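A closer look at the structure
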Amino acid sequence: MTDVVRVPITASNPPRYAHDDDAGADLHAAEAATLLPGHRALIGTGVAIALPEGYAAFVVPRSGLAAKHGITVVNSPGTVDAGYRGEIKVTLLNTSLDQAFEVAPGDRIAQLIVMPVSRAVFVPVDELPGGTVRGANGFGSTGVAAEATAAGQAGGAA
Ligand SMILES: O=c1ccn([C@H]2C[C@H](O)[C@@H](COP(=O)(O)OP(=O)(O)OP(=O)(O)O)O2)c(=O)[nH]1
Ligand SMILES: [Mg+2]
């Protein structure tokens, strides 16, 4: 990764990038938990950080846990604000309908992505600037078929 930001941390088991060019650093569970099918748990990581102003960190699921066990992060992406000094926690959800999932201390349960973020100044106006192709269309307006194009949208969602 070319863009490196120094982040002060207190942690017994700091998040680790599995590869030098990974975007997400794996977060480890600091405690054990049993996630029954359909249940969730707030799991401590033992990690606290001091992000520089203008940055945020996002707690996101690991794809392996999702694909193999149906484990996700309920509030993904969990947002860690620059001013937060508490323990980063992960709200894991077991989406499996029939398999419980065991978390042991040290397990890599989610990953943390540090990113620069903009703060908006919300400027009230009477009317938003127009001229965009999308306009107010959303929520599946382009359909799912591969051949959907901006021109084809006029006919409605496939
Ligand atoms: O997955 C997450 C999401 C958030 N946080 C921490 C860091 C974040 O800065 C703080 C508050 O998060 P958020 O603003 O999403 O929660 P809220 O429900 O709005 O709480 P608050 O009223 O404290 O802002 O909780 C985590 O540890 N893990
Ligand atoms: Mg909040």
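Residues numbered from 1 in each chain as written. Chains lettered and ligands numbered in written order. Predicted model: local features only at pLDDT ≥ 70, side-chain atom pairs only at ≥ 80, totals over all residues. Heavy atoms only, no water.

1. Some points on the overall build of the protein
Stated precisely, the cut-off is as follows: Put simply, DSSP H or I for four residues or longer makes a helix, DSSP E for two residues or longer makes a strand, and each gets a number counted from the N terminus. Radius of gyration here is computed from C-alpha atoms only, and the compact-globule reference equals 2.2 Å multiplied by the residue count raised to the power 0.38. When a residue's accessible area, from a 1.4 Å probe over protein chains only, is under 20% of the maximum for its type it is buried; when over 50% it is exposed; and in between it is partly exposed. Here, residues are in contact when the closest pair of their heavy atoms is within 4.5 Å. Method for areas: the Shrake-Rupley scheme with a 1.4 Å probe, in which residue coverage is limited to the protein chains shown. In this tally, Asp and Glu contribute negative charge and Lys and Arg positive charge; neither His nor the terminal groups of the chain are included. Taken as the charge centre is NZ of Lys, CZ of Arg, CG of Asp or CD of Glu, depending on the residue.
Counting secondary structure elements, the protein contains one helix and eleven strands. When the helices and strands of the protein are listed from N to C terminus, the series reads β-β-β-β-β-β-α-β-β-β-β-β. Relative to its length of 158 residues, the protein is extended, with a C-alpha radius of gyration of 20 Å against a globular reference of 15 Å. Summarising its shape, the C-alpha atoms of the protein cover approximately 55 × 45 × 30 Å along the three principal directions. Within the protein, buried positions represent 27% of all 158 residues. A fraction of 66% describes how many contacts in the protein between residues 6 or more apart in sequence connect residues 24 or more apart. A total of about 10600 Å² of accessible surface is found on the protein, and carbon and sulfur atoms cover 55% of it. Considering the protein, the positive charge centre built from 10 side chains and the negative charge centre built from 15 side chains are found 5 Å apart.

2. Comments concerning the side chain of Thr45
Selection criterion: The definition of a polar contact used here is a pair of N or O atoms within 3.5 Å, where within protein one atom must be able to donate a hydrogen and the other to accept one, and adjacent residues in sequence count solely through side-chain atom pairs.
With respect to the element layout, Thr45 can be found in the loop between strand 4 (40-44) and strand 5 (48-49). Overall, the relative accessible area of 1% leaves Thr45 in the buried class. A distance of 3.2 Å separates a polar side-chain atom of Thr45 from the backbone nitrogen of Val47. Setting aside anything within four residues of it in sequence, one finds Thr45 in contact with Leu27, His28, Ala30, Glu87, Ile88 and Val90.

3. Notes on the sheet that holds strand 6 (residues 55-60)
The condition that has to hold: At least two DSSP bridges between two strands are needed for those strands to be called paired. Angles shown run from 0 to 180 degrees and are taken between the N-to-C directions of axes, each axis being a line fitted to C-alpha atoms and, for helices, limited to the stretch in contact.
Spatially, the four strands line up as an open sheet ordered 2-11-6-8, and their pairing is antiparallel. With one partner strand each, in any of the chains shown, strand 2 (25-28) and strand 8 (78-80) form the two edges of the open sheet. Each strand axis lies, on average, 35 degrees off the axis of its neighbour in the sheet, ignoring direction. Across six bridges, the pairing between strand 6 and strand 11 (residues 108-116) is antiparallel. Counted as the bridge partner of Val59 is Leu112 from strand 11.

4. Thoughts on the UniProt feature "domain: dUTPase-like" (unreviewed entry) in the protein
Heads up, the condition is: UniProt positions are given in the numbering used here, feature names are shortened, and annotations may be inferred rather than shown by experiment.
Sequence positions flagged by UniProt for "domain: dUTPase-like" (unreviewed entry) are, in local numbering, residues 15-143. Between the C-alpha atoms that bound residues 15-143 the distance is 39 Å, and the span itself is 5% helix and 34% strand.

5. Observations concerning the nonpolar core
Keep this limit in mind: By nonpolar core we mean a set of buried residues, namely Ala, Val, Leu, Ile, Met, Phe, Trp, Tyr and Cys, connected to one another through side-chain atoms within 4.5 Å.
Counting residues in hydrophobic clusters, the biggest one holds 25 residues, and the most contacted among them are Val59 and Leu92. Broken down by secondary-structure element, the contributors of at least two residues to this core are strand 3 (33-35), strand 4, strand 6, strand 7 (71-73), strand 9 (89-94), strand 10 (101-103) and strand 11. Non-local contacts of Val59, meaning those with residues more than four positions away in its chain, are made with Leu27, Val73, Ser76, Pro77, Gly78, Val80, Ile88, Val90, Ala110, Gln111 and Leu112.

6. With respect to the pattern of salt bridges
The test is simple: The rule for a salt bridge is simple: a side-chain nitrogen of Lys or Arg has to be within 4 Å of a carboxyl oxygen of Asp or Glu.
What the rule picks out here adds up to two salt bridges. Here Asp26 and Arg62 are joined by a salt bridge, their closest N and O atoms 3.6 Å apart. Of this pair, Asp26 sits in strand 2 while Arg62 sits in the loop between strand 6 and helix 1 (63-69), and the two are 36 residues apart along the sequence. Classification of Asp26 as buried rests on a relative accessible area of 5%. For Arg62, a relative accessible area of 21% corresponds to the partly exposed category.

7. A look at the site of ligand 1
Put simply, the test is: What makes a residue near a molecule or strand is one non-hydrogen atom of that residue sitting within 4 Å of it. Throughout this entry, Asp, Glu, Lys and Arg are counted as charged residues, while Ala, Val, Leu, Ile, Met, Phe, Trp, Tyr, Cys and Pro are counted as nonpolar. The remaining residues, Gly among them, count as polar.
Lining the immediate environment of ligand 1, one finds Val59, Asn75, Gly78, Thr79, Val80, Asp81, Tyr84, Glu87, Ile88 and Lys89. Within the side chain of Asp81, one N or O atom sits 2.6 Å away from an oxygen atom of ligand 1. One of the backbone N or O atoms of Lys89 is found 2.8 Å from a nitrogen atom in ligand 1. The biggest single contributor to the shell around ligand 1 is strand 8, with three residues. A class-by-class count of the residues in the shell around ligand 1 yields four nonpolar, three polar and three charged.

8. Focus on the environment of Val5
With respect to the helices and strands, Val5 occurs in the segment before strand 1 (9-10). Here the alpha-carbon distance between Val5 and Gly44, two residues 39 residues apart in the chain, equals 24 Å. Sequence-distant contacts of Val5, defined by excluding residues within four places in its chain, comprise Pro52, Tyr55 and Val114.

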